[in-house]
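An overview of the molecular structure
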Amino acid sequence: MTSIIAFFILICVLVFVHEYGHFWAARRCGVKVIRFSIGFGKVLYKKTDKQGTEFAFSLIPLGGYVQMYNDEPEFNGQAHQSLAQKSIAQRAFIIFAGPLANFLFALMAYWLIFVNGLPTVKPVIAEVSANSIAATAQLPEDLEITEIAGSPVRDWNDATLALLSEVGHQKVSLVGHLIDDANLQHFELDLSHWQIDNTIDNTKENPLTSIGIRPKGNKITPVINKVETDSAAQKAGLKAGDNILAINREPFEWQTLVKAIQTGEPVELEIERETEKMTFVIQPEKKGERYLIGIVPSYELLADKYRTELKYGILEALSKSLEKVYSLSKTICSFIGNLITGDISVKNMGGAISIAKGAGMSAESGWIYYLGFMALISVNLGVMNLFPILPLDGGQLVLLASEAIRGKPLSRRVQLTYQQIGMVLVLSLMAFTFINDVIHF
């Protein structure tokens, strides 16, 4: 339920921001706005202002639109209020104002985050996988990464974005120092055969794990923190405080337990309760698309030396926000380019379900994380809407550029063909990301 509510709020806010950009620019250019709608389909609520604009909230809030007067006789507008009568520069401004509003929203959101302070974890390596890119580069455990390919790194989010920007490059430099030693060390990652893909069990791999780095984080301990009511674990007799010694006769590792549960087969747990050792066989129960047994682990919190806070003064926070929005935009463009070239698998693409899950998780973590996730999606919307295909804003800008060069608009037939191709691409992308989400979740 949290994911649904958080997703609904996120979509409504970002759609409003984007469409308000178009609306504000249209009003500034003297264009009559017929309707400002959040959502599509049946209108659930509407109100008309003094200038005759209908503000509506519709049944399907997965988008929105601003309907402008364009010489249609049924709206009784005046010639100077028509979008068609405005200059190419004015029309381009109205179109570009939507994505611009998304970038400005992200800028303000990150400014607020950086002024308030964002608790985060230093990019310290907990473990390096054998025979991995990181192992070949001889990255040591407890190395705090400070720079990747010349870009400063302060947390794992910075590290992930920096690595994503380097997909397709042969060699990438990495600088860091051991957590208890200030002496900088320089390394070189060989990315010539690196490709971010999905793991065998359909969980999404990220740039860090794909090069062989396991980040330092809160450690899961073998002690059960909570047993859910009426769960498989409770029915089998497990209790909070039980210490898990072995899973199917293998030493305790949380990921080992997760993988064993997801097979759907009975799981044998060797437990230590006070001074007594006992064995339980638990049959996982299917909840939705996943198997669960109903236990919550305990965590060993990170030491303070591994923690940090991203917090700046008012002016410096603005500068950092600009850097953040630029860095995200660059990374998104790089990611899309690498999808096209095949350097990144299309299996890594996500859609509405991925966004809903991310919205729910960030909302549960706190308002500052939710705002950060909202800013991230806002930048994504801004970049994606500038793609040169119809019906996206970028496609409209292409048509205006063509009109400026030719001195007249493209023929109706050419515009229709361009729009049909764009619609096929957009709908295919939506369908593909939905299928991807269903497979993963």
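Of all hydrophobic cores here, the largest spans 27 residues; its most connected members are Leu-10 and Ile-94. Contributions of two or more residues to this core are made by helix 1 (2-28), strand 1 (33-48), strand 2 (54-68), helix 2 (88-116), helix 9 (352-365) and helix 10 (367-384). At 10 residues, the largest contribution of residues to this core is made by helix 1. Those residues in contact with Ile-94 that sit more than four places away from it in its chain are His-22, Ala-25, Ala-26, Cys-29, Val-31, Met-68 and Leu-83. Listed in part, the 24 residues of the second largest apolar core include Ile-145, Val-153, Trp-156 and Val-172.

Now for the packing of helix 4 (residues 156-164) against helix 8 (residues 314-341). Two elements in contact, helix 4 and helix 8, have axes whose closest approach is 9 Å; the angle formed by their N-to-C orientations is 40°. What the angle tells us is that helix 4 and helix 8 run oblique. The handedness of the crossing between helix 4 and helix 8 is left-handed. Residues Asn-157, Asp-158, Leu-161 and Leu-164 of helix 4 touch helix 8, and the partners they reach there are Lys-324, Ser-327, Leu-328, Thr-331, Ser-334, Phe-335 and Asn-338. Here the residues of the contact of helix 4 with helix 8 are counted per class, giving four nonpolar, five polar and two charged.

So, on to a nonpolar patch on the surface. Together, Phe-40, Leu-44, Tyr-45, Leu-59, Ile-60 and Leu-62 line one region of the surface with nonpolar side chains, adding up to about 630 Å² of accessible area. Of all the secondary-structure elements, those providing two or more residues to the nonpolar patch are strand 1 and strand 2.

What follows concerns the environment of Asp-142. By the element assignment, Asp-142 lies in the loop between helix 3 (133-136) and strand 5 (143-148). Measuring from C-alpha to C-alpha, the distance between Asp-142 and His-18 comes to 43 Å, with 124 residues separating the pair along the chain. Each residue touching Asp-142, except ones within four places of it in the same chain, is listed here: Val-124, Ile-125, His-177, Leu-178, Ile-179, Lys-216 and Tyr-306. A distance of 3.3 Å separates polar atoms of two side chains, one belonging to Asp-142 and the other to Tyr-306.

With six bridges joining them, strand 7 (residues 171-178) and strand 8 (residues 185-190) adopt antiparallel strand pairing. Along strand 8, the bridge assignment pairs Leu-174 with Phe-187. Here strand 7 folds back onto strand 8 in antiparallel fashion, the turn holding six residues.

So, about helix 8. Along its 28 residues, helix 8 runs 41 Å from first to last C-alpha, staying within 8% of the 40 Å computed at 1.5 Å per residue. Burial in helix 8 covers these residues: Ala-317, Ser-321, Lys-324, Val-325, Leu-328, Ser-329, Thr-331, Ile-332, Ser-334, Ile-336, Asn-338 and Leu-339. Tucked inside the fold, the buried residues of helix 8 contact helix 2, helix 4 and helix 10.

What counts and what doesn't
- Residues numbered from 1 in each chain as written.
- Predicted model: local features only at pLDDT ≥ 70, side-chain atom pairs only at ≥ 80, totals over all residues.
- Heavy atoms only, no water.
- Core = buried A, V, L, I, M, F, W, Y, C linked by side-chain atoms within 4.5 Å.
- Buried < 20%, exposed > 50% of the residue type's maximum accessible area, 1.4 Å probe, protein only.
- Helix = DSSP H or I, 4+ residues; strand = E, 2+ residues; numbered from the N terminus.
- Contact = heavy atoms within 4.5 Å.
- Axes fitted to C-alpha atoms, helices over the stretch in contact; angles between N-to-C directions.
- Parallel < 35°, antiparallel > 145°, perpendicular 65-115°, else oblique.
- Left-handed = near helix turned anticlockwise from the far one by under 90°.
- Nonpolar A, V, L, I, M, F, W, Y, C, P; charged D, E, K, R; others polar.
- Patch = residues over 30% accessible without salt bridge, like charges linked within 9 Å, V, L, I, M, F, W, Y side chains within 5 Å.
- Areas by Shrake-Rupley, 256 points an atom, 1.4 Å probe, with all protein chains shown as cover.
- Salt bridge = Lys/Arg side-chain N within 4 Å of Asp/Glu carboxyl O.
- Polar contact = N/O pair within 3.5 Å; in protein donor to acceptor, adjacent residues only side chain to side chain.
- Pairing = 2+ DSSP bridges.
- Expected span 1.5 Å × (residues − 1).

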